[in-house]
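# Reading the structure
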Amino acid sequence: MSHTDVAGALTGLAARGLAAPARRLRPDSPRPPGVTAADVNQLERRVLTDCVDPSSGDDLPGAQAIWRDGRWWHSSLRLGEPEEVLAEQPTGQVVRRVRVPLTRGYEPPAPSWLGEPVDWRPCPDCRTGSRLRVCDCRLGGRTAQPDCPHCCGAGLRPSAFPCFTCGGTHRLHRTALVTLTDLRHRVVHLAWDAGMPEVAPLVATQPAGKPVVQLPERYRLGAWAAALGGRPEDLADADGGHAIGKNLRDGYVTLPWAGADPVGEYVRDAGRGGAAGRLIVTVAPPEASPLSELVRLALGLDLALVVSVCDDRHNGSDPLLADGLSWSVEIAPWDAPVRPDAFPCRPSLVAALAWCAECLTDAVAGAVPPDPTTPIPVPCSGPRDVADPEQELLRLAAKHAGQVVTVRFTRAGCAVHRHDDDGVRLIAEARDLRDFSTD
């Protein structure tokens, strides 16, 4: 039986919905009832029936079921009109392909919770249907340079990356629709409209002179996280699980010039690359095993558990600097050195543990010696008391605030390293993290 979870269903939502029309939401619409096992069993029979043409008895390409307004709508799928697609190869050649889309035999009515359309304008920095993007010579509002080696004065150049301004949607919406959910029963819908007059005090100035302002609390997703019983570091984009950045968390926005519309710039940043100008944010911390369990696992496999942490909480009042705690947790061979460029990037220890568990299979396989004649120890983990080292790690990070501290846990004990400008420096070794003091 095939199945999916919430994260899998939402991953790739933006890529699938680039052309979806943007509409407002009606959060006061009645909440639909839940789905029962009887509904699913009956739906399965109906979908299987829809896979056959009732008039001729021929097999159809498939069938589809849509959950909308508290009930299931089912429809057959039929072959649509063929479409010609031109795809550019890495060699520069253009290949012609014919794609036959599927269409629904029956289109269900629009959901009752959809409101009026959201206004938008075409993106000025890219061209729909092509790889042309604004050239670097036009950054900062400058005019195209006639002697530019990339665009020769045209102001546009081909690029394989999405447009930075619109994220590949080719639209700039005047409204950002933000949905925060704990993935259980609590949901908050926010609508931010460009042009809305707001008091946004100046809080910093970028090195290039651009002003940085802070919007009121209703624009700060970190404040809304508490309303859903979460923490700001638990905020993540539902499409891919990426952590929400400091700007959206705390309401900071950099204006292109003094007097620009702060809400409009904020809306553009929030909706960049999102389907229909939507941003869906989860406030649920990922599920992960305790750090002590991963330490026990690494010791049993005769591997190393490498934990890095950086304490930037002293930068909390500076919008131009990273703040909070950053973590990384990974499994590595017991003799692998600490990499100078290994910087933590997860907003919480739980998120780092979840990512380590997700990559665990590849990490363990990568630790196997490439020479098949090299012996490896038999996995074993006897009864050993492994205390949770989180508090010791926090104390270490606070003592070396602003610097990355990496601790390697192996059977021989633990080694503490500090990342300096000159590289990685070993500052202490001990049998247990609680047994040493740093200089």
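Notes on the structure in this doc start here. (Residues numbered from 1 in each chain as written. Predicted model: local features only at pLDDT ≥ 70, side-chain atom pairs only at ≥ 80, totals over all residues. Heavy atoms only, no water.)

### Some details on the sheet that holds strand β2 (residues 62–68)
The antiparallel open sheet is built from 3 strands, whose spatial order is β2-β3-β6. For this open sheet the edge positions go to β2 and β6 (102–104), each flanked by a neighbour on one side alone. On average, each strand axis in the sheet is tilted by 35° relative to the strand beside it, whichever way the strands run. Inspection of the sheet shows β2 paired to strand β3 (residues 71–79) by 7 bridges, in the antiparallel sense. (Pairing = 2+ DSSP bridges. Helix = DSSP H or I, 4+ residues; strand = E, 2+ residues; numbered from the N terminus. Axes fitted to C-alpha atoms, helices over the stretch in contact; angles between N-to-C directions.)

### Observations concerning the packing of aromatic side chains
Evaluation of the coordinates by the stated rule reveals 5 aromatic pairs. Ring centres of Y219 and Y266 lie 6.2 Å apart, and the angle between their planes is 85°; on these two criteria the pair is classed as edge-to-face. Taken together, the residues Y219 in the loop between β15 (211–214) and α4 (221–227) and Y266 in helix α6 (residues 262–271) connect sequence positions 47 residues apart. Residue classification places Y219 among the buried positions, given a relative accessible area of 0%. Put simply, the rings of W192, Y219 and Y266 pair up and form one aromatic cluster. Geometry around W120 places R171 over its ring, the cationic atom sitting 4.8 Å from the centre. The ring of F164 carries R272 above its face, with NZ or CZ at 4.5 Å from the centroid. (Phe/Tyr/Trp six-rings, centres within 6.5 Å; stacked < 30°, edge-to-face > 60°. Buried < 20%, exposed > 50% of the residue type's maximum accessible area, 1.4 Å probe, protein only. Lys NZ or Arg CZ within 6 Å of the ring centre and 35° of its normal.)

### A closer look at a nonpolar patch on the surface
Among the surface-exposed residues, L79, V98, V100 and L102 lie close enough to one another that they form a single nonpolar patch of about 370 Å² accessible area. The residue L79 is located in strand β3 in this model. (Patch = residues over 30% accessible without salt bridge, like charges linked within 9 Å, V, L, I, M, F, W, Y side chains within 5 Å. Areas by Shrake-Rupley, 256 points an atom, 1.4 Å probe, with all protein chains shown as cover. Salt bridge = Lys/Arg side-chain N within 4 Å of Asp/Glu carboxyl O.)

### Some thoughts on the side chain of K246
Mapping K246 onto the fold places it in helix α5 (residues 246–250). At 2.6 Å, the side chain of K246 and the backbone oxygen of L321 are in polar contact. Among all residues touching K246, those that are not within four sequence positions of it are G251, Y252, N315, G316, D318, P319, L321 and D323. (Polar contact = N/O pair within 3.5 Å; in protein donor to acceptor, adjacent residues only side chain to side chain. Contact = heavy atoms within 4.5 Å.)

### Re the nonpolar core
Membership of the largest hydrophobic core comes to 31 residues, with the highest contact counts inside it found for L305, W327, V329 and V407. Ranked by residues supplied to this core, first place goes to helix α7 (residues 291–300) with 5 residues. Every residue in contact with W327, bar those within four places of it in the chain, is listed here: V307, S308, V309, P344, C345, R346, P347, S348, L349, A352, L393 and L394. I244, V253, L255 and V267 belong to the second largest nonpolar core, which has 25 residues in total. (Core = buried A, V, L, I, M, F, W, Y, C linked by side-chain atoms within 4.5 Å.)

### Structural notes on α6
Of all 10 residues in α6, 8 are buried, a share of seventy percent or more. Turning to α6, its buried residues are P262, V263, G264, E265, Y266, V267, A270 and G271. With a side-chain oxygen positioned 3.3 Å from the backbone nitrogen of V263, the residue opening α6 is D261.

Read these as spatial facts, not as claims about activity.
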